[in-house]
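Coordinate analysis (summary)
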Amino acid sequence: MIEIENVKKSFGNLEVLKGISMTVEKGEVVSVIGGSGSGKSTMLMCINGLEPIDSGRILVDGTEVHAKGTDLNKLRRNIGIVFQQWNAFPHLTVLENTTIALRKVLGKSRSEADEIAIKQLKHVGLGDKLKVYPSRLSGGQQQRMAIARALAMSPKYMLFDEVTSALDPQLVGEVLDTMRLLASEGMTMIVVTHEMAFAREVSNRVAFFRDGLIHEIGSPKQIFESPERPETAAFLKSVL
Amino acid sequence: MFGTSITWGDITFMMTGAGLTLAITFWAMLGGTLAGMVFGLIRAQSPWYVNYPMGALLDVLRSVPLLIQFILFNSFQSIAGLNMNPFVVGCVVLAAYTSAYCTEIVRGGIGAVPVTTRKAARSLGMSYWQDMRYIVLPLGTRVMLPSWIGLTLGVMKDTALVYAIGVIELLRSSQIIITRKPHEALVILAIAGLIYFLVSFPVSRLGAHLEKKWREND
Ligand SMILES: Nc1ncnc2c1ncn2[C@@H]1O[C@H](COP(=O)(O)OP(=O)(O)O)[C@@H](O)[C@H]1O
Ligand SMILES: [Mg+2]
């Protein structure tokens, strides 16, 4: 379970998160939508401690992420994250990209790591690209590799930050399919996305971010069909 | 030899000088690169109150002419009673000078790795140092290598300045022969130039080869 309690965060004078509270239960898929600059990415980075927070707290399975004694390197093994782009390590092959953390972080042997990585890469449809460098992959393949790489660590949670928004339209589908598969397997996910149809279909809940706050949160049905707040309706109208 | 009055003895004398040139270049690059990596890592992650004085100090090393640095440091060490031989003084001063350039090269290389790539590494549970070792340095090296090769070739030519503290390296040994045989000046200088070239060429070829190899993956 991820518990976010009244989290505030500023970059200098700019208050980006103004008191975010949200709980994500095991097995849940929560989509996060909202205009650019509303603090969606920042929130994801706070969840795995890539960004510090100013006040409030975030608990992952009861461990307070920003507490002094927390071993973030250990905590992060449970939380996979995929970014919009520049996920790949360009000097490593697809297989090496996927095994490096298995070997260096989890201390697995090369053959163990290879086995796990190959299984995950096949799972996302990259079984034939093991020896290829990321530059030879399409954007969609790179994103699927990043997903496989995160999954290889057997995380309990997956965070996705607009993973399809840098892709050519014809490549979006394959990445969404991979995420759909993951959701159907019961992975707990927070998905920041502009793909409204996807959010509507896959999520248990949808959170609308506006100006550093969760402006409205509810079932996809409620958010997309009968939003309570006028700003939610206006945002949906602007993107649909 | 070559129908001239240049003897094998002269050539051997020059080769000894060339050996010294190489040795000084080697130690200066080794020391300067190691120190530059440490300083570059510090600079890439330090707050301004560390970065500012450190940057100023390294700027001094980069802006004061090497000749002056050799002479100043040599006088300093003899006043301080360190009894360093001129060869060691040359290596130390050139290493310090090299480290100042290398620091900026390393800092630039680290800065060229996209923040997201580093966050991706950290998000897989890698520690700061694992990220540095397995992701940032290998990627940064591709950016750093051309400048580093350039620095190596520059330092090799700069070794000529150690004549000021009495080390007889390649250029100085050539000059000594020229004072004895002024009419052979052109031939002697041509030989010295050829030696510099023969040493530099493989270094720059190696650099070009690595760059090409890496570009094929990118
Ligand atoms: N590292 C940073 N330093 C300064 N400002 C930042 C940083 N990251 C994000 N911001 C600012 O914080 C605000 C929210 O950013 P972000 O969380 O990326 O929004 P979103 O993902 O919703 O588009 C933006 O105004 C952005 O410019
Ligand atoms: Mg964002």
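Check the entry above for the structure.
Residue positions are given per chain, counting from 1 as you read along its sequence in written order. Chain letters start at A and ligand numbers start at 1, both assigned in the order the entries are written. Residues qualify for local features only when their pLDDT is at least 70, as the model is predicted, and side-chain atom pairs are given and counted only at 80 or more; totals for whole chains, interfaces and linings, by contrast, use all residues. Derived side-chain values reflect all non-hydrogen atoms in the structure, with water molecules and hydrogen atoms excluded from consideration.

Attention now moves to the pattern of salt bridges. Salt-bridge detection follows one rule: a side-chain nitrogen of Lys or Arg within 4 Å of a carboxyl oxygen of Asp or Glu. Tallied over the full model, the rule gives 17 salt bridges over all chains. Put simply, D211 of chain A and K18 of chain A hold a salt bridge, and the shortest N to O gap is 3.2 Å. Of the two residues, D211 of chain A sits in the loop between β9 (205-210) and β10 (213-218) while K18 of chain A sits in strand β2 (residues 14-24), which places them 193 residues apart along the sequence. Here E51 of chain A makes a salt bridge to K119 of chain B, at a shortest N to O gap of 3.6 Å. Numbering of helices and strands runs from the N terminus, with a helix taken as a DSSP run of H or I at least four residues long and a strand as a DSSP run of E at least two residues long.

Moving on, we get to the site of ligand 1. Residue and element names in this part refer to chain A. Whether a residue is near a molecule or strand depends on its heavy atoms: it is near if one of them lies within 4 Å of it. Taken together, F11, L14, V16, G35, S36, G37, S38, G39, K40, S41 and T42 make up all the residues around ligand 1. In protein, a polar contact requires one atom able to donate a hydrogen and another able to accept it; more generally it is a pair of N or O atoms within 3.5 Å, and residues adjacent in sequence count only if both atoms are side-chain atoms. Here an oxygen atom of ligand 1 and a side-chain polar atom of K40 are 2.8 Å apart. At 2.7 Å from an oxygen atom of ligand 1 is found a side-chain nitrogen or oxygen belonging to S41. Compared with its free state, where it exposes 560 Å², ligand 1 has 58% of that area covered by protein. Of all the secondary structure elements, the ones that give two or more residues to the shell around ligand 1 are β2 and α1 (40-47). The greatest single-element share of the shell around ligand 1, amounting to 3 residues, is contributed by α1. Of the residues assigned to the shell around ligand 1, the class counts are 3 nonpolar, 7 polar and 1 charged. Areas reported here follow the Shrake-Rupley algorithm with a probe of radius 1.4 Å; residue values treat only the protein chains shown as occluding. In the scheme used here, Gly and all other residues not listed as nonpolar or charged are polar, with Ala, Val, Leu, Ile, Met, Phe, Trp, Tyr, Cys and Pro taken as nonpolar and Asp, Glu, Lys and Arg as charged.

Residues and elements named next belong to chain B. Grouping into patches uses exposed residues only, defined as over 30% relative accessible area, and leaves out salt-bridged ones; the cut-off is 9 Å for like charges and 5 Å for nonpolar side chains (Val, Leu, Ile, Met, Phe, Trp, Tyr). Judged by side-chain polarity, V38, I42, W48, Y49, V50 and Y52 come together as a nonpolar surface patch covering roughly 690 Å² of accessible area. Among the elements of the structure, α1 (8-45) and α2 (48-63) are those that each provide at least two residues to the nonpolar patch. If you tally residues by element for the nonpolar patch, the top one is α2, at 4 residues. In this fold, Y52 is placed in helix α2.

A few words now on the packing of aromatic side chains. Two rings belonging to Phe, Tyr or Trp (six-membered ring only in the last case) form a pair when the distance between their centres is within 6.5 Å. Interplanar angles under 30 degrees mark stacking, angles over 60 mark edge-to-face geometry, and anything in between is tilted. Within this structure, the stated rule accounts for 7 aromatic pairs over all chains. Here, over-ring charges are defined by two tests on the NZ atom of lysine or the CZ atom of arginine: distance to the ring centre within 6 Å, and angle to the ring normal within 35 degrees. Seen from the ring of Y101 of chain B, R62 of chain B lies directly overhead, with NZ or CZ sitting 5.6 Å from the centre.

Here we come to α2 of chain B. Residue and element names in this part refer to chain B. Expected span of a helix, by definition, is 1.5 Å for each gap between consecutive residues, and there is one gap fewer than residues. Counted at 1.5 Å a residue, the expected span for α2 with its 16 residues is 22 Å, and the 21 Å between its end C-alpha atoms agrees. Buried residues of α2: N51, M54, G55 and L58, and no others. Projected down its long axis, α2 shows its buried positions confined to an angular sector of 110 degrees, all on one face. Facing away from the buried side of α2, by more than 90 degrees, are the exposed residues Y49, Y52, L57 and S63. A simple rule labels every residue: compare its accessible area, found with a 1.4 Å probe on the protein chains alone, to the largest value its type can have, and call it buried under 20%, exposed over 50%, or partly exposed in between. Directions from the helix axis toward the C-beta atoms define the arc.

Next up on the list: the packing of α1 of chain B against helix α7 (residues 170-180) of chain B. All names here are of chain B. Look at α1 against α7: their axes get within 7 Å of each other, and the N-to-C directions meet at 155 degrees. Relative to α7, the element α1 lies roughly antiparallel. Contacts between α1 and α7 pair D10, F13, M14, G17, A18 and T21 from the former with L170, S173, S174, I176, I177 and R180 from the latter. Its residues assigned to classes, the contact of α1 with α7 shows 6 nonpolar, 4 polar and 2 charged. Angles here are taken between N-to-C directions and fall from 0 to 180 degrees, while the axes themselves are lines fitted to C-alpha atoms, restricted in helices to the stretch in contact. Working rule for angles: under 35 degrees goes down as roughly parallel, over 145 as roughly antiparallel, 65 to 115 as roughly perpendicular, anything else as oblique. Contacts are assigned to residue pairs with any non-hydrogen atoms lying within 4.5 Å of each other.

None of the figures reported here should be taken as evidence of function without further support.
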